[in-house]
Amino acid sequence: MSILSYLHVVLTTRLVELRRDGERGDSPVPTAVIIFGLVFVATVVTGLALNRANNWMTNIPTFTNPGP
């Protein structure tokens, strides 16, 4: 049997097995929704941290030279 015939039989057999297996997991939609939610929460948390850091930096009094 030549290598091409062997590969054809192996590929055909595997494709038949994959078609027969009905349970292949969740669709990608719930996964995409979860990822979008995590990105949204991370963006909000980063924005809040940036806002607090900016407020903290603006509340630091400016340096004035006490003079001689």
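Residues numbered from 1 in each chain as written. Predicted model: local features only at pLDDT ≥ 70, side-chain atom pairs only at ≥ 80, totals over all residues. Heavy atoms only, no water.

*Asks:* Which residues make up the pattern of salt bridges, and what are the values?
*Replies:* Two side chains with opposite charge may pair up if their charged atoms get near one another. Applying the stated criterion to the full structure yields one salt bridge. Between Arg14 and Glu17 there is a salt bridge, and its shortest N-O distance comes to 3.5 Å. Highlighted residues: Arg14 and Glu17, both in helix α1 (residues 3-20), separated by three residues, approximately one helical turn. Judged by relative accessible area, Arg14 falls into the partly exposed class, the value being 46%. (Salt bridge = Lys/Arg side-chain N within 4 Å of Asp/Glu carboxyl O. Helix = DSSP H or I, 4+ residues; strand = E, 2+ residues; numbered from the N terminus. Buried < 20%, exposed > 50% of the residue type's maximum accessible area, 1.4 Å probe, protein only.)

*Asks:* Give a detailed account of the UniProt feature "transmembrane region" (unreviewed entry) in the protein chain, specifying residues and quantitative values.
*Replies:* The UniProt record annotates "transmembrane region" (unreviewed entry) at residues 29-50. With 100% helix and 0% strand, the stretch residues 29-50 has end C-alpha atoms that lie 31 Å from each other. (UniProt positions renumbered as here; feature names shortened; annotations may be inferred.)

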